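Single-letter residue listing:
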Amino acid sequence: MHFALVAGACTDNRCPAIIELRSAARVLDSATLDFAASGAAYTREPDSVPAAWTAGSEEGAVTTTLQPLRLTSTPGAGTALLVQQAAGFEHVKRRHDLFAHDGAKLRKLWSAAEGAGPAWSMAAAVP
C-alpha cells in the first residue's frame, strides 16, 4: 500500500488536493485536504525535502508537502504520512495532518491548523 497526492475536481476556482490510499493502481480510500488552490496543475518544487508540490497562483497558491513516517508506538505500527499545507501569498496560513491506514481505510491520526491573525506553525518528525 502507498499514499498518493492527486488533484480533485475544481469548483468555483477552488481545486482541492486529495490524499489517496492505494494498493497497486487501485484506490482504496481517500481524504480531501482542507486548503484548496486556484488551479489543479501541480508543480514539483525542485530540491525540496520533504517532497513538495504547488498548485494555483498568488493568493490562490497552495504548497503541499508529503513526508512518509514510520510509526512505532501505534498498535499495528506501519507507515504514516505527514501532510503539511501552506496557503496564500502575503498572509500565509499553514495546516498539518498525519494520516495512516487501518487495513484499507485511511485514518487521520492528528491535525493542527493556524488560527486567525499573525501566526506561524510547523510539524516535525522526531525519532
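These notes cover the structure that comes with them.

What counts as what
Residues numbered from 1 in each chain as written. Predicted model: local features only at pLDDT ≥ 70, side-chain atom pairs only at ≥ 80, totals over all residues. Heavy atoms only, no water. Disulfide = S-S within 2.5 Å. Pairing = 2+ DSSP bridges. Helix = DSSP H or I, 4+ residues; strand = E, 2+ residues; numbered from the N terminus. Buried < 20%, exposed > 50% of the residue type's maximum accessible area, 1.4 Å probe, protein only.

**Focus: the state of the cysteines**
What the rule picks out here adds up to one disulfide. The disulfide partner of Cys-10 is Cys-15, and the S-S distance across this bridge is 2.0 Å. The sign of the S-S torsion, about 115 degrees, decides the handedness of the disulfide formed by Cys-10 and Cys-15: right-handed.

**With respect to the sheet that holds strand β8 (residues 93-102)**
Spatially, six strands are ordered β4-β5-β6-β7-β8-β9 in an open sheet, and the strand pairing comes out antiparallel. Both edges of this open sheet fall to β4 (43-44) and β9 (105-113), since each of them pairs with a single strand only. Judged from the eight bridges that link them, strand β7 (residues 79-87) and β8 form a sheet pairing that is antiparallel. The residue bridging Ala-86 from the neighbouring strand is Arg-94, located in β8.

**Brief notes about the pairing of strand β2 (residues 15-23)**
Counting buried residues in β2 gives seven out of nine residues, a clear majority hidden from the surface. In the sheet, β2 pairs with strand β3 (residues 26-37) via eight bridges, with the strands oriented antiparallel. Bridge pairing links Ile-19 to Ala-31 in β3. The antiparallel pairing of β2 with β3 creates a hairpin that spans two residues between the two strands, and Ala-24 there sits at a positive phi of about 60 degrees.

**A short note on the pairing of strand β5 (residues 51-55)**
Side-chain positions along a regular strand alternate between the two faces of the sheet. Along β5, four of the five residues are buried, which leaves the element largely enclosed by surrounding structure. The pairing of β4 with β5 spans two bridges and is classified as antiparallel. Of the residues in β5, the one forming a bridge with Arg-44 is Trp-53. In this structure, the hairpin formed by β4 and β5 is closed by a connection of six residues, where Asp-47 is found at a positive phi of approximately 60 degrees. Note: β5 against strand β6 (residues 62-70), five bridges, orientation antiparallel. Residue pairing for β6: Ala-51 is matched across the bridge by Leu-66. From the end of β5 to the start of β6, which pair antiparallel, there are six residues, and Gly-56 there has a positive phi angle of about 80 degrees.

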